[in-house]
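Close look at the chain arrangement
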Amino acid sequence: MTKKIKLSELGSLIGGDIEALEGVRIEGDVEIDLGQMGMNPQMAYALGHETAQMALHLMNISRILGYPIDQVLGGQQVAAPKKLSKLTESKFSVGTIEEWKTPIQEVVLGATSSDGGSRKSTITLGGEKALPYYFDSPMPHRNHITMDVFDMPINMAKAVKSNYEDVINSPAEWAKKVVRDFGADMVTIHLISTDPNIKDTSPAQAAKTVEEVLQAVDVPIVIGGSGNPEKDPAVLEKAAEVAEGERCLLASASLNLDYARIAEAAKKYNHVVLSWTQLEINAQKELNRKLMKQCGVARENILMDPTTAALGYGLDYAYTNMERIRLAGLSGDTELNFPMSSGTTNAWGAREAWMTASPLKEDSDWGPREYRGPIWEIITGLTLSLAGNDLFMMMHPTAVQVLKEITQTLYGLKETEQLNIDNWITAVV
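Okay, the nonpolar core next. With 77 residues, the main nonpolar core has Trp174, Val178, Val187, Val210, Ile221, Ile223 and Leu291 as its most contacted residues. Sorting elements by how many residues they give to this core places helix H8 (residues 259-269) first, with 6 residues. Ignoring any residue separated from it by four or fewer positions in sequence, one finds Ile221 in contact with Arg119, Met186, Val187, Ile189, Val210, Val213, Leu214, Cys248 and Leu249. The next biggest cluster of nonpolar side chains, apart from the first, holds 13 residues, and it includes Leu125, Leu249, Leu303 and Met393.

Set out below in structure tokens:
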């Protein structure tokens, strides 16, 4: 009786434990079912595939039977692949974004004697027509760094405090040091002692500190309150009065305090308002709109602080928020096309920046915090610079130095040494 089997079943019929057969003869007919003639390309391809499978099965059977099929196949000459003689020519270019039609508002901080102030020079932020460092749309003004000074000693990371121990009791000397020794473009005086829960320093006493700082340095300054929403409006009003005409940045107006008082002080004494919201783009639009339309603050007197979440504590969200704000501004949203400021100092709020080691036993070595902390601040600032941030509030001198070096190199102010990268694979660094 004739039994039909498939070629693929022949190997299993013989058995998998047999390495070779001798004296065995297999007889039979190979039947190919072509079905209907007049094959279309798909059927021809399928038939070719099945034929190849049959050939493989037959070769397997030959191998099982001890026939040297591999030697037969190995004897065939295989043509060597052709080598590429040259790469396809291609030209790299950066296209312009047609939707970016609205430049970022230019804002000047500081005023010289010719403008009614006493600063040696001014700083201009904004003016961008694209995201930062696009070489087809250069930034008209580089970003700048303002360094923090406090009106009383505060708790801070050891790596930071060690730089200021000699001036920590004198805000004026502290301000001098960050400008003279650390190259600060601006100084931020934080009137932290005015908080009723700390020293409850009066607005008049705080204003004297602002005067001392203005006399100590000739760079533009930022005036910050304590963060107390009930006290800050009165403190910033008085500080704005004694700094009249200096175009200081009043930090800050927010939706959870009487922002109208701060806006009025800025208008009356010729200052700039820092519009501060907490990682919420719609709140940023709302506050900017209220400052302009409800309080009458001119566009050239508004800066934004959308809040900085440091590395490891939401930096990705802070970056996304800033980038969305900048793209919306460039695309024509006139409630968002203002320069941005970052509280980069927030990086020191992350425990990874200042703790000696991880609290988890199974964690890896974090390395020396003397290096880790500044790196934490640098990465936070550098990341947000790529989102378009214009002003960085910072603390550690090394972090300031490195961030300035990188951003000014990207901006084109500094020439970098040309490196030979021909041996980039084998080079030892």
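That shown, we press on.
For the bond running from Ala251 to Ser252, omega is 10 degrees, close enough to zero to count as cis. By the secondary structure assignment, Ser252 is in strand E6 (residues 249-253). For Asp200, which is not a glycine, the phi torsion comes out positive at approximately 55 degrees. One can find Asp200 in the loop between strand E4 (186-190) and helix H6 (203-216). At Thr307, a residue that is not glycine, the phi angle is positive and equals roughly 85 degrees. On the basis of relative accessible area, Thr307 is assigned to the buried category, the value being 15%.

In contact at an axis separation of 8 Å, H6 and helix H7 (residues 232-242) are set at 40 degrees when each is read in the N-to-C sense. With respect to H7, the element H6 is oriented oblique. Note on packing geometry: the crossing formed by H6 with H7 is right-handed. Here Pro203, Ala204, Ala206, Ala207, Val210 and Glu211 of H6 lie close against H7, whose contacting residues are Ala234, Val235, Lys238, Ala239 and Val242. Within the contact of H6 with H7, the residues separate by chemical class into 9 nonpolar, no polar and 2 charged.

The subject of this paragraph is helix H9 (residues 281-294). For the α-helix, the turn length of 3.6 residues means that residues three or four positions removed from each other point alike. The terminal C-alpha atoms of H9, which comprises 14 residues, lie 19 Å apart, in line with the 20 Å expected from a rise of 1.5 Å per residue. Inspection of H9 places Ile281, Ala283, Gln284, Lys285, Leu287, Asn288, Leu291 and Met292 among the buried residues, and these make up the whole buried set. Against E6, H8, strand E7 (272-276), strand E8 (302-305) and helix H10 (315-330) lie the buried residues of H9. Gly296 lies just past H9 and shows a positive phi near 75 degrees.

Definitions and cut-offs
- Residues numbered from 1 in each chain as written.
- Predicted model: local features only at pLDDT ≥ 70, side-chain atom pairs only at ≥ 80, totals over all residues.
- Heavy atoms only, no water.
- Core = buried A, V, L, I, M, F, W, Y, C linked by side-chain atoms within 4.5 Å.
- Buried < 20%, exposed > 50% of the residue type's maximum accessible area, 1.4 Å probe, protein only.
- Helix = DSSP H or I, 4+ residues; strand = E, 2+ residues; numbered from the N terminus.
- Contact = heavy atoms within 4.5 Å.
- Axes fitted to C-alpha atoms, helices over the stretch in contact; angles between N-to-C directions.
- Parallel < 35°, antiparallel > 145°, perpendicular 65-115°, else oblique.
- Left-handed = near helix turned anticlockwise from the far one by under 90°.
- Nonpolar A, V, L, I, M, F, W, Y, C, P; charged D, E, K, R; others polar.
- Expected span 1.5 Å × (residues − 1).

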